[in-house]
Amino acid sequence: MAIPTTDADHTYYEQEIAPVLPPAVLDFHTHVWSADAWQERPWDTQQPGGRYMVTPEHYPAEQLLHDARACFPDRDYQAVCFGYPTPAADWARDTTCVALAARRHQGLFPLLLAGPALGLTRARYEQALDSGGFRGFKVFLNWYGDDYGDIGVEEMVGPTERALANERGLIVMLHVPGRGRLAAPDVQAGVRRLAAECPQARIVLAHCGRCYLPGQMQAAIGSLRGLANVWMDTSMVMDPVVLQIALNEIGPGRLLFGTDFPVAAMRGRRVRVRDHWVDVVLPGYPPSAYRVAGEGYRAGFMAWEIVLAIRWAAELTGISEPERDGIFHDNGMALLESGRAPHSADRGAGNPRRP
Ligand SMILES: [Zn+2]
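Nothing here was measured: the structure is a model prediction, and the numbers come from that model.

Participant: Whenever I open this one, the environment of Arg-135 confuses me. Can you help?
Facilitator: Note on placement: Arg-135 falls in the loop between helix H4 (122-132) and strand S7 (136-139). Between the alpha carbons of Arg-135 and Ala-61 there is a distance of 17 Å; along the sequence they are 74 residues apart.

Here is the structure:
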């Protein structure tokens, strides 16, 4: 999938991207996976939604770090990473794959796939959290594509996941459900209930609550006002107006830079067309929903477009340089450091604390 970088890329990076980045970048939303840990390839199943997001079948940590090096060649790079959060994945094998990646590569902070649909016991979660060095949960999506039905936040983060997240102060990376995204009142209410019920958990809404378009963010952002334990990652959000609205409403401290590698390693940009996003990409990527390939124009990495969206939103809202740096690194690092170290986690009421 990777298109090699050129001299023109280097020039563009030096002039437009590098000046916005602090010396170290923390990417709060990345994946590592191997189709060897899958039960099926979604795009081979003929199921509805199976071709919603067609990706490389193998995305080892080495490739993640290679892509990061291509996008941010002279910066220290660290990343929060997790597996393949769909029914295709075999949870146990996917969990092992992510834990091994994080063990082998410094600067990777793993999250464990979690959700009631996986049917896991508390003991199974605890064993995985303790042995894998996981910092929290990435909420599992029990479907392919974007047909969410009427699933609510409660069905994605169940009682077991909530109890563990709160007791251990885990990060909970939530891909909000619903056709209406975080703009929908029932989803907003679900997030607020989760935040209230798990005050010790640190909840991160992936893709800014899936608000890729200004109108969505406009309708969504007020719901996060006053929530002390909710953040948003910027993965695949490339519209500066979306981030401008977010910054105006809840300030820079709640935003975490994220890419969604391998997706954001594609060359192109996610744009708004009428009332949906469309990924405009260079030729060579597999066909996928809302992905339009074309040629005759220059395109950089989508990860750069996320950086540019932050850059413009920062300029338009007048946040300070340290505040902007916070989005790229410090906010997320503070979040990781404020959690309890994974191997000294409190085992819960009545259980002795591990040495
Ligand atoms: Zn993702």
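Participant: Just to check I follow, could you spell out the coordination of the zinc ion for this structure?
Facilitator: For a metal with four donors in a tetrahedral arrangement, the ideal angle between donors is 109.5 degrees, while six donors in an octahedron ideally sit at 90 or 180 degrees. Only His-29 (NE2), His-31 (NE2) and Asp-260 (OD) from the protein reach the zinc ion as donors, at distances of 2.1 to 2.2 Å. Read in sequence order, the donor residues for the zinc ion give the motif H-x1-H-x228-D. Here His-29 falls in the buried class, since its relative accessible area comes to 2%.

Participant: Any chance you could explain the environment of Phe-140 here in plain terms?
Facilitator: Secondary-structure assignment places Phe-140 in the loop between S7 and helix H5 (153-156). Placed 34 residues apart in sequence, Phe-140 and Leu-174 show a C-alpha to C-alpha distance of 8.5 Å. Discounting residues that sit within four places of it in the chain, Phe-140 has contacts with Pro-85, Thr-86, Pro-87, Ala-114, Gly-115, Ala-117, Leu-118 and Met-156.

Participant: Before we go on, may I ask you to explain the state of the cysteines in this structure?
Facilitator: Every disulfide links exactly two cysteines, by a covalent bond between their sulfur atoms. Within the structure shown, the criterion is met by zero disulfides. As a non-bridged cysteine, Cys-97 has Cys-81 as the owner of its nearest cysteine sulfur, 9.1 Å distant. The thiol of Cys-211 is unpaired, and the distance to the nearest cysteine sulfur, on Cys-208, comes to 7.4 Å.

Participant: Just to check I follow, could you spell out the packing of helix H10 (residues 240-250) against helix H11 (residues 302-317) for this structure?
Facilitator: Pairs of packed helices are described in terms of their axes, by the angle between the two and the distance that separates them. Packing of H10 against H11 leaves a shortest axis separation of 8 Å and a crossing angle of 45°. Classified by the angle their axes make, H10 and H11 are oblique. Crossing angle aside, the handedness with which H10 passes H11 is right-handed. For the pair formed by H10 and H11, the contact residues are Pro-240, Leu-243, Gln-244, Leu-247 and Asn-248 on the first element and Ala-309, Ile-310, Trp-312, Ala-313, Ala-314, Leu-316 and Thr-317 on the second.

Participant: So what exactly am I meant to see when it comes to the nonpolar core here?
Facilitator: Where a protein is soluble and globular, its nonpolar side chains tend to be buried together. Counting residues in hydrophobic clusters, the biggest one holds 107 residues, and the most contacted among them are Phe-72, Leu-174, Leu-205 and Phe-261. With 10 residues, H11 is the single largest residue contributor to this core. Apart from the residues within four sequence positions on either side, Phe-261 is in contact with Asp-27, His-29, Thr-30, His-31, Tyr-59, Leu-64, Asp-67, Ala-68, Cys-71, Phe-72, Tyr-77 and Ala-303. Core analysis: the next-biggest nonpolar cluster, separate from the first, contains 15 residues, Leu-26, Leu-256, Met-333 and Leu-335 among them.

Participant: I'm lost on the pattern of salt bridges in this one. Help?
Facilitator: Pairing between side chains becomes possible if they bear opposite charge and their charged atoms approach one another. Per the stated rule, a full pass over the model turns up 13 salt bridges. Note that Glu-167 and Arg-122 form a salt bridge whose closest N and O atoms lie 2.5 Å from each other. Separated by 45 residues along the polypeptide, Glu-167 in helix H6 (residues 159-168) and Arg-122 in helix H4 bring together distant segments of the chain. Judged by relative accessible area, Glu-167 falls into the partly exposed class, the value being 28%. Relative accessible area serves as the criterion here: at 30%, Arg-122 is assigned to the partly exposed category.

Participant: What is the right way to look at the side chain of Thr-30 in this model?
Facilitator: Considering the arrangement of structural elements, one finds Thr-30 in strand S1 (residues 24-31). Discounting residues that sit within four places of it in the chain, Thr-30 has contacts with Leu-64, Tyr-77, Ala-79, Val-80, Cys-81, Phe-82, Thr-259 and Phe-261.

Participant: What's the story with the packing of aromatic side chains in this structure? I'm lost.
Facilitator: Each aromatic ring pair is specified by the distance between its two centres and by the angle formed by the two planes. Summed over all chains, the structure comprises 11 aromatic pairs. Measuring from ring centre to ring centre gives 6.4 Å for Trp-33 and Tyr-59, while their planes differ by 55°; the resulting arrangement is tilted. Note that Trp-33 is positioned in strand S2 (residues 33-34) and Tyr-59 in strand S3 (residues 58-59), a separation of 26 residues in sequence. An identical accessibility class is assigned to Trp-33 and Tyr-59; each is buried. Considering the side-chain rings of Phe-301 and Trp-304, the 5.0 Å spacing of their centres and the 90° angle between planes classify their relative orientation as edge-to-face. Across the pair, exposure class does not vary: Phe-301 and Trp-304 are buried alike. Among the aromatic side chains, those forming a connected cluster through ring pairs are Tyr-12, Tyr-13, Phe-301 and Trp-304. Just above the ring of Trp-231 sits the side chain of Arg-254; from NZ or CZ to the centre is 4.8 Å. The ring of Phe-301 is capped by Arg-267, whose NZ or CZ atom sits 4.5 Å from the centre of that ring.

Participant: Would you explain helix H1 (residues 7-17) in this entry?
Facilitator: Because the α-helix completes a turn every 3.6 residues, residues three or four places apart line up on one side. Residues of H1 that are buried include every one of Asp-9, Tyr-13 and Ile-17, and no others. Taken down its axis, H1 places every buried residue within 40° of arc, on the same side. Relative to its buried face, H1 has exposed residues pointing more than 90 degrees away, namely Asp-7, Ala-8, Glu-14 and Gln-15. Residues of H1 that are buried make contact with helix H2 (61-71) and H11.

Cut-offs used in this document
- Residues numbered from 1 in each chain as written.
- Predicted model: local features only at pLDDT ≥ 70, side-chain atom pairs only at ≥ 80, totals over all residues.
- Heavy atoms only, no water.
- Helix = DSSP H or I, 4+ residues; strand = E, 2+ residues; numbered from the N terminus.
- Donors = N, O, S within 2.8 Å, 3.2 Å for Na, K, Ca; no water.
- Buried < 20%, exposed > 50% of the residue type's maximum accessible area, 1.4 Å probe, protein only.
- Contact = heavy atoms within 4.5 Å.
- Disulfide = S-S within 2.5 Å.
- Axes fitted to C-alpha atoms, helices over the stretch in contact; angles between N-to-C directions.
- Parallel < 35°, antiparallel > 145°, perpendicular 65-115°, else oblique.
- Left-handed = near helix turned anticlockwise from the far one by under 90°.
- Core = buried A, V, L, I, M, F, W, Y, C linked by side-chain atoms within 4.5 Å.
- Salt bridge = Lys/Arg side-chain N within 4 Å of Asp/Glu carboxyl O.
- Phe/Tyr/Trp six-rings, centres within 6.5 Å; stacked < 30°, edge-to-face > 60°.
- Lys NZ or Arg CZ within 6 Å of the ring centre and 35° of its normal.
- Arc of directions from axis to C-beta.

In short, shape yes, function no, at least from these values alone.
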